[in-house]
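Below, each chain spelled out in residue letters.
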Amino acid sequence: MKKAASIAGTVAAAALLLTACGSGSDEGTKDTSKDTPSAQESSAPAEGGANSKITGAYLAKTGGQTIILSIGGEKASLISGKHLCNGEYTDTGEKMLMLKCADGNTDRTMGKVAPSGDGKTLTVDWDALSENDTFTRTTSPSDFPSDIPTSLPSGIPTDLPTNLPSS
């Protein structure tokens, strides 16, 4: 059971990161969001849209620890040690990350994002930390460190309630 949970956790983390990995190149693309009505109906930004330049997976090192940040359109996820955080990336004049960690940690939940001009790095100025994190865009799954947590955190319930209401 523990081995299956460990594998499930690893697969979930990898899927989470890889689904947000996209091409960092936007050369030759045109913002067609005004040309087609279906682009406005999509939950993901149109190719060449405002968030497409920042979409991708990023790595940072701080205090000997690897931090993984994944941004896909308006969704963002972060793995920092044992902390798994999910939330939003917004670009409404000011680029911001607004995350919530499953374990209640608040170190890296709110921060201003400053991407580099070349799209290879971005710096996050976290509200709760005195130091910024500088992330480097990853280009392949082999860029990810081998020390990513593979087990689920302790204290997760192992049995489900039986008296749940049905629809």
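The notes below deal with the structure included here. (Residues numbered from 1 in each chain as written. Predicted model: local features only at pLDDT ≥ 70, side-chain atom pairs only at ≥ 80, totals over all residues. Heavy atoms only, no water.)

Here we look at the environment of Phe-135
For step 1, the next point in the chain: Along the chain, Phe-135 falls in strand β8 (residues 133-137).
For step 2, the next point in the chain: A sequence separation of 15 residues divides Phe-135 from Lys-120, and the C-alpha atoms of the two residues are 8.5 Å apart.
For step 3, the next point in the chain: Those residues in contact with Phe-135 that sit more than four places away from it in its chain are Tyr-58, Leu-59, Ala-60, Ile-67, Leu-69, Leu-78, Lys-120, Thr-121, Leu-122 and Val-124. (Helix = DSSP H or I, 4+ residues; strand = E, 2+ residues; numbered from the N terminus. Contact = heavy atoms within 4.5 Å.)

A look at the state of the cysteines
For step 1, the next point in the chain: If you walk through the whole model with that rule in mind, you get one disulfide.
For step 2, the next point in the chain: Covalently, Cys-85 is tied to Cys-101 through a disulfide, its sulfur atoms 2.0 Å apart. Between Cys-85 and Cys-101, the S-S torsion sits near 85 degrees, and that sign places the bridge as right-handed. In this pair, Cys-85 is assigned in strand β4 (residues 83-91) and Cys-101 in strand β5 (residues 95-101), connecting sequence segments 16 residues apart. A single burial state applies to Cys-85 and to Cys-101, both of which are buried. (Disulfide = S-S within 2.5 Å. Buried < 20%, exposed > 50% of the residue type's maximum accessible area, 1.4 Å probe, protein only.)

Comments concerning the pattern of salt bridges
For step 1, the next point in the chain: Tallied over the full model, the rule gives three salt bridges.
For step 2, the next point in the chain: One salt bridge connects Lys-95 with Asp-91, and the closest N-O pair in it is separated by 3.7 Å.
For step 3, the next point in the chain: For Lys-95, a relative accessible area of 26% corresponds to the partly exposed category.
For step 4, the next point in the chain: Residue Asp-133 pairs with Arg-108 through a salt bridge whose shortest N-O separation is 2.6 Å. Separated by 25 residues along the polypeptide, Asp-133 in strand β8 and Arg-108 in the loop between β5 and β6 (110-115) bring together distant segments of the chain.
For step 5, the next point in the chain: Relative accessible area serves as the criterion here: at 4%, Asp-133 is assigned to the buried category. (Salt bridge = Lys/Arg side-chain N within 4 Å of Asp/Glu carboxyl O.)

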